[in-house]
Amino acid sequence: MSKFIDRPRYACALGGALSTLRAIPCAIPIIHASTGCGHNLHNAINPGAGYLGGGYCGGLALPSSNVSERDVVFGGENRLREQIASTMEIMDGELYIVLTGCMVEMIGDDLDAVVSEFADCDKPVIAVHTPSFRGNSFTGYELVLCSLIQKYITRQTNKDPSLVNVLGIVPAQDVFWKGNLREIKRLLERLGLKVNTFFGESETLEDIKNSGRASLNIVVSDVYGIDAAEKFKDIHGIPYITTGFPIGADATKEFLFVIADALGIEESLAESAYESERQVYYDYMERLSDIYNDLDLQRYAVVVGDSNYAPAISRFLSDELGWLPELVVITDSLEAAQQNELAKRFENFESGLKPSVRFDTDTSSVKKYIAEIWPRNRNERYFNFMNPTVIIGSVYERDLAAEFGFPLLTVSYPVTNRVVLNRAYAGTNGALSFTEDLLGILVAGR
Amino acid sequence: MDYINAKSAPAREDRLKASIAFGGTCGELKNCIKSGCFSKTGCLNLANRRFSQTQGCQFTLSLSILNTLRNAVVIMHSPIGCGVCSIGNVGVNKTFKQLRDPNAEGIIWLSTNLDEVDVISGGEHKLREAVLFADREFRPETIIVANGCVPALIGDDIDSILADLETQTAATIVPVHCEGFKTKVMATAYDAVYHGILKKYIKKPERRQYTIEPDLEKLKEQYRISRNVNVFNVSSMSRQDELELQRLLNAIGLNVTFIPCYAEPEDFEYSLESSLNISICGTHDDYFLKIIKEKYEIPFLIDTMPIGRKNTDRWILKISEYFGLEKEARQLIDLENRLLDESLEPFRKALSGKRAYISGGEVRIIATAEILQDLGMKVVGLKAHHLDQFIEPVFDALDEIDDVLISAATNQPFEQSNIMNRLKPDVIITHTGGNNITAKHGLPVLPLFGPSYNYMGYSGTYEVARRLNRILRNYQFNKKLSQNTRLPFKKEWYEKDPFYYIKNES
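Residues numbered from 1 in each chain as written. Chains lettered and ligands numbered in written order. Predicted model: local features only at pLDDT ≥ 70, side-chain atom pairs only at ≥ 80, totals over all residues.

Enquirer: Sorry, what's going on with the sheet that holds strand S10 (residues 300-301) of chain B here?
Expert: The strands making up a sheet associate through backbone hydrogen bonding, with each pair oriented either parallel or antiparallel. Residue and element names in this part refer to chain B. On the basis of which strands lie adjacent, the open sheet formed by 4 strands has the order S8-S7-S9-S10 and parallel pairing. Two strands in the sheet have a free side with no partner beyond their single neighbour: strand S8 (255-259) and S10. Lying over the sheet, helix H11 (residues 239-251) contacts strand S7 (228-232) and S8, oriented at roughly 150° with respect to S8. (Pairing = 2+ DSSP bridges. Helix = DSSP H or I, 4+ residues; strand = E, 2+ residues; numbered from the N terminus. Contact = placed C-beta atoms within 7 Å. Axes fitted to C-alpha atoms, helices over the stretch in contact; angles between N-to-C directions.)

Rendered as structure tokens:
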């Protein structure tokens, strides 16, 4: 059973669905919900994701049935029918997706029946049940993808052996989603693959429609995108592997080899791909050899983030940057099995370090864990304090950082104190940007 | 009017017969108001749309006040999504609070995270846990429980649960019933919030009682109260706005307290030791001020909004009349106008003749139009979130407005896009939100409000002029966007009447 959450770092299923659709060009969401749902969620998604904005038809341009008391009493189906018809009249899109909020699900509107009346329209209309009480943003991402997989993506028996799909990066919840997808795609192309990421640069609805031809789904997450991958397997017979979210040269190497292995690509190709990545990467990293050692830029770290970023950043800090990630708080709402799976990611760090890993959805908990892992000085003359430390978290950690006097780099949602466009933190290029941002804070006063 | 004993405030479409869907001219609207359109038989009240876009609900708007209250924790009693818009205020909220109190904390909120199980079996258990956690963990003075649609529909008896919990908490618990589906008029939020404030924050302050009260102390006290006024701020105003209004009222000898935004609980208690409650926007305060007058006999003023010279003059004069300070007020007004009028001259040269479109809250847009006319600009269209009786006095400051288009639409950028395409203004002054559409018209955009800019009083008029001038000097950003991105509406939409989708639901 779930509990209350102190400052949640995600919206509801409808919110996740909206940010997922925000990332698909020419997909028009139609919200069937109370008046404020779309507005409220936009005001979370936009600032939280580094000012993602409403884009083509998001934000306050989102079509919404805005049901009110009267519809709750008499049912909202007529209003929905009217709204779908008028939306198709006015909004210029290629795909119309009807999403639901809590109220209409509770009063029992028959969404699927109403939407089926639009089956003969020249543009597809798809229904997705996304009430808030069903789950959070991550659930919304899965629900939208599962509906597309079931109702939109063409079933194809002939698979393209060099075509793969990437799942597990949730637009907006991963603030750097678009840059990250570009980097993952770039790495996979090094193995000679063609890649659908669904939300990447220059990708279209046509690519999504044809993603059923892929021969492998790559889930770059231990938690997100797995429902979608299962659905792909059921409906389109595409197998999947999960790889974890790669940040840094080590993780990139592992990623390339795992994919090569799964697709029967020659290991030498992965080896040469990695080798050229490594060369470029260390050409840049080499620059830091002076400043890192001149100034002793090693730091303790507290990492607060979601299931993708927290393990990936911790490992990068530990095994490549040579830092000391002492505490990791994973802020998602997770089942025990998912927690166990994630905990494995913190075993066997090359550095030999073993961060204290906590699973907690409450923002106020982070401070308590710091006190637990590293007691405060009680007036002792000589005291080994966890300092200097950098917090890698979200904007919620700002007060905590200020209280301890630790610098903060915001990476995990919500990130309202940065503007994010095409930046990536995944892969080798992403790790370089991450290092720039992280060490940039430390030299900012120089 | 016995609203306060009810569980929650009534919806504005019922209480004020407010309208959210209208299209016509200002002249038509004025006639409409005269003929009683905001009365029981009102023609404007029941209109709605066949196509609509998302808009704020009373829950999200309630948070814009609730999140500003100091020493409070807000509990969103709802599934996980409701109120998550507070994310957008995490940083600025703390900064703004600290302008009033350097030690103030930022927003702390909890979501009761109602899930499928709770929808069936009720959310009481989670609400109890959340309230007790908030009390223990954060030790706030007040815990505000804002409930969304779901608990209202499953029938949680929130007031009883909270009354019971209050015996176990150090904090005062304030229920705010602001479920979104209850009203089409977003501004009902103000009533919902004030309803909670009235029930829990408003009580006479505990002062030391004299055994035998010396006459001098008594006179001092009476004099103090006779010069105290409360100005009802709004969360869209800035600290600079407050300081300007305070300066003007201090100048005629009045002491000012600002409530409700960024106030502490005790500010509400001391607000009862006051001689006049002053609204700056009828849309916000009428519900609260009427009840305070009935209960505590403090008179109130709801007239115009002090934006623009004429409106500010009028606002100060109306206030001064309560205190017999008209002479002082006129002196101040003359002095301020002389100074400001000269300072606006260079901007008049640059801005004169420019055509402007304004959209946002009904009172604010009309008040802002006065600044534009003052600068020699031409107001070519207005769009209000909703329309009700409070728009009437604000029209007085405007010249030649009767033929100007006015519409009512809470956001609804599709209508605005169509109207802009027809009117082709030179500049748009608009409420936040929806600028992903507005910007693509390639025009300069000035935000209608901004909690870090000065808009009010005489200094605000100058600031608006200065910023308009700046924004018009270079709007390449929006121009390039319009050349390189496209609007989501079909071509046919721009051939239709902008009010084509308005329907009557009676």
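Enquirer: What should I look at first to understand the nonpolar core in this one?
Expert: Taken as a class, soluble globular proteins show a tendency for nonpolar side chains to be buried jointly. Counting residues in hydrophobic clusters, the biggest one holds 290 residues, and the most contacted among them are Val98(A), Ile247(A), Ile313(A), Ile75(B), Ile144(B), Val145(B) and Ala146(B). Excluding residues within four positions of it along the chain, Ile144(B) makes contact with Leu66(B), Leu69(B), Ala72(B), Val74(B), Ile75(B), Val174(B), Val176(B) and Gly196(B). (Core = buried A, V, L, I, M, F, W, Y, C linked by C-beta atoms within 7 Å. Buried ≥ 20, exposed ≤ 12 C-beta atoms within 10 Å, placed from the backbone.)

Enquirer: It is not clear to me how the sheet that holds strand S11 (residues 356-359) of chain A should be interpreted in this structure. Could you clarify?
Expert: Residues and elements named next belong to chain A. Pairing in this open sheet of 5 strands is parallel, and the strands run S11-S10-S9-S12-S13 from one edge to the other. Each of the sheet's edge strands pairs with one partner strand only, and the pair in question is S11 and strand S13 (408-410). Averaged over all neighbouring strand pairs, the angle between strand axes comes to 15°, with direction disregarded. When strand S9 (residues 300-305) meets strand S12 (residues 389-393), the two strands line up parallel, connected through 4 bridges. Bridge pairing links Tyr 300 to Thr 389 in S12. Across the sheet, helix H16 (residues 365-373) lies against S9, strand S10 (324-330) and S11, angled at about 140° from S10, the strand it touches most.

Enquirer: Hey, could you run me through the domain arrangement of chain A in this one?
Expert: All names here are of chain A. Split by domain assignment, chain A resolves into domain 1 (13-151), domain 2 (160-265) and domain 3 (287-415). Relative to domain 3, the C-alpha centre of domain 2 lies at a distance of 28 Å. Facing the 15 residues of domain 2 at the interface are 19 residues of domain 3. Taken together, the residues of the side of domain 2 that touches domain 3 break down into 8 nonpolar, 4 polar and 3 charged. (Domains from an automatic or database assignment. Nonpolar A, V, L, I, M, F, W, Y, C, P; charged D, E, K, R; others polar.)

Enquirer: Hey, could you run me through the packing of helix H14 (residues 309-323) of chain B against helix H15 (residues 326-351) of chain B in this one?
Expert: Two numbers describe a pair of packed helices, the interaxial angle and the distance between the axes. All names here are of chain B. At a closest axis distance of 9 Å, the pairing of H14 and H15 adopts a crossing angle of 165°. In terms of orientation, H14 lies roughly antiparallel with respect to H15. Considering how the two elements wind past one another, H14 and H15 form a crossing that is right-handed. Residues Arg 309, Asp 313, Ile 316, Leu 317, Ser 320 and Glu 321 of H14 touch H15, and the partners they reach there are Glu 326, Glu 328, Ala 329, Leu 332, Ile 333, Asn 337 and Leu 340. Classifying every residue of the contact of H14 with H15 gives 6 nonpolar, 2 polar and 5 charged. (Parallel < 35°, antiparallel > 145°, perpendicular 65-115°, else oblique. Left-handed = near helix turned anticlockwise from the far one by under 90°.)

Enquirer: Any chance you could explain unusual backbone geometry here in plain terms?
Expert: Peptide bonds are trans in most cases, and residues, glycine excluded, mostly fall at negative phi. Between Tyr413(A) and Pro414(A) the backbone carries a cis peptide bond, its omega angle lying at 0°. The step from Ile259(B) to Pro260(B) runs through a cis peptide bond, and the omega angle for that step is 0°. The topology assignment puts Pro260(B) in the loop between S8 and helix H12 (265-270). Non-glycine residue Ser202(A) carries a positive phi angle of around 60°. Assessed through the 7 C-beta atoms surrounding it within 10 Å, Ser202(A) is described here as exposed. With phi around 65°, Asn379(A) is a residue other than glycine that occupies positive phi space. Relative to the elements of secondary structure, Asn379(A) occurs in the loop between H16 and S12.

Enquirer: Before we go on, may I ask you to explain the domain arrangement of chain B in this structure?
Expert: It is common to give the size of an interface as the accessible area lost on bringing the parts into contact. All names here are of chain B. Assigned domains of chain B: these are domain 1 (56-200), domain 2 (215-327) and domain 3 (347-504). Using only C-alpha atoms to locate each centre, domain 1 and domain 3 end up separated by 33 Å. Between domain 1 and domain 3, the contact holds 6 residues from the first and 4 residues from the second. Per-class residue counts for the side of domain 1 that touches domain 3 are 5 nonpolar, 1 polar and no charged.

Enquirer: How do you make sense of the interface of chain A and chain B when you look at a structure like this?
Expert: Each side of the interface is counted separately: chain A has 64 residues, and chain B has 56 residues. Of the residues contributing to the side of chain A that touches chain B, the split by class is 29 nonpolar, 27 polar and 8 charged. By the bridge criterion, 2 bridges tie strand S1 (residues 5-6) of chain A to strand S4 (residues 109-111) of chain B in an arrangement that is antiparallel. Following the sheet pairing, Ile5(A) is matched in S4(B) by Ser111(B).

Enquirer: Is there a simple way to explain the environment of Ser86(A) in this structure?
Expert: Tracing the backbone shows Ser86(A) in helix H4 (residues 77-90). Here Ser86(A) falls in the buried class, since 20 other C-beta atoms lie within 10 Å of it. For the pair formed by Ser86(A) and Pro63(A), sequence separation is 23 residues and the distance between their alpha carbons is 9.4 Å. Residue contacts for Ser86(A): discarding those within four places in its chain leaves Arg50(B), Phe51(B) and Tyr501(B).

Enquirer: Just to check I follow, could you spell out helix H3 (residues 58-66) of chain B for this structure?
Expert: Side chains of residues three or four places apart in an α-helix project in the same direction, reflecting 3.6 residues per turn. For H3(B), the tally of buried residues reaches 9 of 9 residues, placing the bulk of the element in the interior. Listed as buried for H3(B) are Gln58(B), Phe59(B), Thr60(B), Leu61(B), Ser62(B), Leu63(B), Ser64(B), Ile65(B) and Leu66(B). Where H3(B) is buried, its residues meet helix H2 (37-48) of chain A together with strand S3 (72-77), strand S5 (142-147), strand S6 (172-177) and helix H9 (188-200) of chain B.

Enquirer: Mind showing me how you'd approach the environment of Lys290(B) here?
Expert: Residue and element names in this part refer to chain B. With respect to the helices and strands, Lys 290 occurs in helix H13 (residues 282-296). Classification of Lys 290 as partly exposed rests on a count of 15 C-beta atoms within 10 Å. Separated by 58 residues in the primary sequence, Lys 290 and Phe 232 place their C-alpha atoms 13 Å from one another.

Enquirer: What is the right way to read the pairing of strand S12 (residues 378-384) of chain B from this model?
Expert: Two faces make up the sheet, and in a regular strand the side chains alternate between them. All names here are of chain B. The buried fraction of S12 is high, at 6 of 7 residues. With 6 bridges joining them, strand S11 (residues 355-360) and S12 adopt parallel strand pairing. Counted as the bridge partner of Gly 360 is Ala 384 from S12. Between the parallel elements S11 and S12, the chain passes through helix H16 (residues 362-374) in a crossover that is right-handed. (Right-handed = clockwise from strand over helix to strand, strands pointing away.)

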